[in-house]
Amino acid sequence: MNASSHHEYMCPQCNHINTFPERALRNMYKEQMTICEKCGCQLEVTPADGINNQINLVVSIAGQEYTLS
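These numbers come from a predicted model, not from an experiment. (Residues numbered from 1 in each chain as written. Predicted model: local features only at pLDDT ≥ 70, side-chain atom pairs only at ≥ 80, totals over all residues. Heavy atoms only, no water.)

Just checking my understanding: could you explain the environment of P21 for this structure?
As for its placement among the helices and strands, P21 is situated in strand β2 (residues 17–21). Residues P21 and H6, spaced 15 residues apart in sequence, show a C-alpha to C-alpha distance of 4.3 Å. Excluding anything up to four places from it in sequence, P21 contacts S5 and H6. (Helix = DSSP H or I, 4+ residues; strand = E, 2+ residues; numbered from the N terminus. Contact = heavy atoms within 4.5 Å.)

This is the structure in structure tokens:
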């Protein structure tokens, strides 16, 4: 695993690079809701195991049934 305290991912709406905190990786394979720092789009981020002990972040635009408070 990477020694940094966060991981980066790209917003599928505006291509802005956002960060995902290392502590959130405890919930592997569970959708986690977040908001793009630039465009405000609601996103689902799912951390998963990758090749060579890397972490993959699967990112998609959240459906309308999700709302963040």
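I'm lost on the environment of S60 in this one. Help?
With respect to the element layout, S60 can be found in strand β5 (residues 55–61). Between the C-alpha atoms of S60 and V45, which are 15 residues apart in sequence, the distance is 6.7 Å. Discounting residues that sit within four places of it in the chain, S60 has contacts with P12, Q42, L43 and E44.

Quick question: what am I supposed to make of the side chain of H7 here?
Topologically, H7 is positioned in strand β1 (residues 6–10). Of the polar contacts made by the side chain of H7, one reaches the side chain of E22; its length is 3.0 Å. (Polar contact = N/O pair within 3.5 Å; in protein donor to acceptor, adjacent residues only side chain to side chain.)

Explain the packing of aromatic side chains here, please?
Geometrically, a pair of aromatic rings is defined through the distance of the ring centres and the angle of the planes. For the structure shown, the criterion picks out one aromatic pair. Plain terms: the ring middles of Y9 and F20 are 6.5 Å apart, the flat faces sit at 80 degrees to each other, and that makes the pair edge-to-face. Taken together, the residues span a long stretch of sequence, with Y9 in strand β1 and F20 in strand β2 at a distance of eleven residues. Per residue, the accessibility class of Y9 equals that of F20, and both read buried. (Phe/Tyr/Trp six-rings, centres within 6.5 Å; stacked < 30°, edge-to-face > 60°. Buried < 20%, exposed > 50% of the residue type's maximum accessible area, 1.4 Å probe, protein only.)

Any chance you could explain the side chain of Q32 here in plain terms?
With respect to the helices and strands, Q32 occurs in strand β3 (residues 32–35). A polar atom in the side chain of Q32 sits 3.0 Å from the backbone oxygen of A24. A polar contact of 3.4 Å, which involves the side chain of Q32, links it to the backbone oxygen of N27.

I'm lost on the pairing of β2 in this one. Help?
Regular strands place their side chains on alternate faces of the sheet. Alternating residues of β2 divide into N18 and F20, all buried, and I17, T19 and P21, none buried. Summarising the sheet, β1 and β2 pair through five bridges and their orientation is antiparallel. Pairing of E8 across the sheet is with T19, part of β2. (Pairing = 2+ DSSP bridges.)

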